[in-house]
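Here is what each chain is made of, one letter per residue.
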Amino acid sequence: MNYKFLLIGCLSFLLPFSANAQHRVKRVKRPVVVTAPKENPKFTAMLPSTAKLCIVDSVVVDSLDYLNAIYENHEEGHLTTYRQFFNKEGDGIVYVNQLGNECIYSLFDERVGYKRLFHSDLLDKEWSNGELLKGIDDNEQLRDFDFPYLMPDGVTLYFAARGSESLGGYDIYRTRFDADAGKYLKPENLGLPFNSEQDDFMFVVDEQNKLGYFVSNRRQPQGKTCVYTFVPFESRTLASASEDKIRSLARIDRIADTWSRREEREAAYRRKIEVMEQAKGEQSVTGEPKLNFVVNDNLTYSKMSDFRHAQSRSNMKQVLDLRKQLTEREQALAKLRTKYTRASSLEREDLNNLILQSEEQITMIHKQIRLLEKTIRNTENQK
């Protein structure tokens, strides 16, 4: 027997089966594992203490214009910038009390390499040398102190700072003055939803009108800032809902979700409109519009007759008209956003376009105002 041919025959017989077996083998696709981004442990730790809050509305403005969207009650205090208040170089916010004889301000301290908070008194029409606020940075865990606001009780101070205890960049803190010790107590982080993983700052409460404001750049593009208006609480109440719902409230995903009682929100919104109208209609004893127009580091105009050039007065009237338009547009935009939260998915598409158009118009008005103000300064500074 020829074993060679027998072996070849057997192999020929097996080959088709081997080929078919290989053809039948299917590759098993492994599922793609998507790893969810890890939540900030500080955010997770703060979550159970999320405050129950009624946010009246939110307005997005240019980052340099956020003070114009805060309607503080001048009978309880006033906010301005260091440059405007002291007419000299400095980058920070100044709080002036209701009597106008005390202020708290932020200024860079070369000794430590960051901004700190100082107190000054008005003595014989001159401001005293600033004294460092004692106590708030004793633990050396916070830095870059700014955005002070002292409550009418003269004890409770809100401010913003960065540091190892912060959730994001700037966080909002609260402290109280201990008269016996002569210094402020250790600051406490205001927590959620006031703070986020971005910058949150400038916490203001108007007790008389029962309105509060805080500022944040969370979820905002470069150069934009959001000013939230809320109903202040006498004592902190924790949000009560499912964990996912509380997480959404803590992030302020939708301000309409904070309206547990719509009548509370609507009443607060009416109060804000009244405050805005009052601020818009304020006039001096002479009947001229009240101004606070900074011409240069050493000169600020308070009334229309202060302008030396007729063209400057004309341009300033345009600025005032544009500011009026700006207020009206912002009010209309706030109403559109409120309507959007209640609209159907079909209606939201049209409303979204209207909201975008309104935001573009507001941005354009801001640009016109800045251009006119620059022209006025150039004219008034001519010798």
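Given the structure is predicted, the values throughout are model-derived calculations rather than measurements. The residue numbering used here restarts from 1 in each chain and proceeds along that chain's sequence as written. Local features in a predicted model are, by the rule used here, given only for residues with pLDDT of at least 70; side-chain atom pairs are given and counted only at 80 or more, and totals for whole chains, interfaces and linings are based on all residues. Excluded from the side-chain calculations are hydrogens and water; all other atoms, namely the structure's heavy atoms, are used.

### Comments concerning the pattern of salt bridges
In what follows, salt bridge is the name for a side-chain nitrogen of Lys or Arg lying within 4 Å of a carboxyl oxygen of Asp or Glu. Under the criterion given, the structure shown has 26 salt bridges. Between R174 and E188 there is a salt bridge, and its shortest N-O distance comes to 3.1 Å. You can see R174 sitting in strand β10 (residues 171-178) and its partner E188 sitting in strand β12 (residues 188-189), a full 14 residues away along the chain. For R174, a relative accessible area of 17% corresponds to the buried category. Numbering goes from the N terminus for both helices and strands, where a helix is a DSSP run of H or I of at least four residues and a strand is a run of E of at least two. Exposure is judged per residue with a 1.4 Å probe applied to protein chains only, and the accessible area is read against the type maximum: over 50% gives exposed, under 20% gives buried, and values in between give partly exposed.

### A short note on helix α7 (residues 345-380)
Between its terminal C-alpha atoms α7 stretches 52 Å, which fits the 52 Å expected from 36 residues at 1.5 Å a residue. Among all positions of α7, only L351, I355, S358, I362, I365, H366, I369, L372, E373, I376, T379 and E380 are buried. As for α7, its buried residues are in contact with β1 (55-62), β16 (293-296), β17 (299-301) and α6 (310-342). By this rule the span expected of a helix is its residue count minus one, scaled by 1.5 Å. Note on definitions: a residue-residue contact is assigned when non-hydrogen atoms from the two residues lie within 4.5 Å.

### Observations concerning the confidence of the model for the protein
Parts of the prediction with low pLDDT should not have their coordinates interpreted in detail. When pLDDT is averaged along the protein, the result is 86; 88% of the residues meet or exceed 70. The lowest-confidence element of the protein is helix α1 (residues 3-24), averaging 47 in pLDDT; the highest-confidence one is strand β14 (residues 211-216), averaging 98. A low-confidence stretch, residues 3-8 (pLDDT under 50), is modelled with one contact involving residues beyond four sequence positions or located in other chains. A residue's pLDDT is simply how confident the predictor is in it, with values from 0 to 100. Low pLDDT, under 50, characterises residues 13-23; the predicted model gives this stretch zero contacts beyond four residues in sequence or across chains.

### Concerning the environment of V295
With respect to the helices and strands, V295 occurs in strand β16. In sequence terms V295 and Q84 are 211 residues apart; their C-alpha atoms lie 9.7 Å from each other. Other than its neighbours up to four places away in sequence, V295 contacts T300, Y301, R377, E380 and N381.

### Things to note about the environment of S248
Following the sequence through the fold, S248 ends up in helix α4 (residues 243-251). Relative accessible area serves as the criterion here: at 16%, S248 is assigned to the buried category. As a C-alpha pair, S248 and P193 span 55 residues in sequence and 9.4 Å in three-dimensional space. Ignoring anything within four residues of it in the chain, the contact list for S248 reads D253 and D257.

### Examining the packing of aromatic side chains
Note on aromatic contacts: the rings of Phe and Tyr and the six-membered ring of Trp form a pair at centre separations within 6.5 Å, being stacked when their planes are under 30 degrees apart, edge-to-face when over 60 apart, and tilted otherwise. Evaluated as defined, the whole model comprises 25 aromatic pairs. Residues Y114 and F145 carry aromatic rings whose centres are separated by 6.4 Å and whose planes lie at 45° to one another, so their mutual orientation is tilted. You can see Y114 sitting in strand β5 (residues 114-123) and its partner F145 sitting in strand β8 (residues 142-150), a full 31 residues away along the chain. Considering the side-chain rings of F194 and F230, the 5.6 Å spacing of their centres and the 70° angle between planes classify their relative orientation as edge-to-face. Of the two residues, F194 sits in the loop between β12 and β13 (200-206) while F230 sits in strand β15 (residues 224-230), which places them 36 residues apart along the sequence.

### Describing α4
An α-helical turn contains 3.6 residues, so a residue and the one three or four places further along point in the same direction. For α4, the complete set of buried residues consists of I246, R247, S248, L249 and A250. Here the buried face of α4 lies against α2 (41-46). At the C-terminal side of α4, I252 shows a positive phi close to 55°.

### Details of empty space enclosed by the protein
Put plainly, a pocket is an open set of points on a 1 Å grid over the protein atoms alone with protein on both sides within 12 Å along at least five of seven lines, a cavity is a set where a 1.4 Å probe fits but cannot get out, and a lining residue has an atom within 4 Å of a point. Grid points are joined across faces, edges and corners, and a volume is the space filled by probe spheres set on the points. Counting across every chain of the model gives two cavities of 30 Å³ or more. Considered as a void within the structure, the largest cavity measures approximately 100 Å³ in volume. Lining the largest cavity, in full, are D57, V59, A69, Y71, V227, Y269, K272, I273, M276, E330, Q331 and A334. Among the elements that line the lining of the largest cavity, the one with the most residues is helix α5 (residues 262-281), at four residues. Here the second largest cavity defines a volume of roughly 40 Å³. Forming the walls of the second largest cavity are V56, D57, S58, I255, R265, A334, R337 and T338. For this classification, the nonpolar set comprises Ala, Val, Leu, Ile, Met, Phe, Trp, Tyr, Cys and Pro, the charged set comprises Asp, Glu, Lys and Arg, and every other residue, Gly included, is treated as polar. For the lining of the second largest cavity, the residue count by class is three nonpolar, two polar and three charged.

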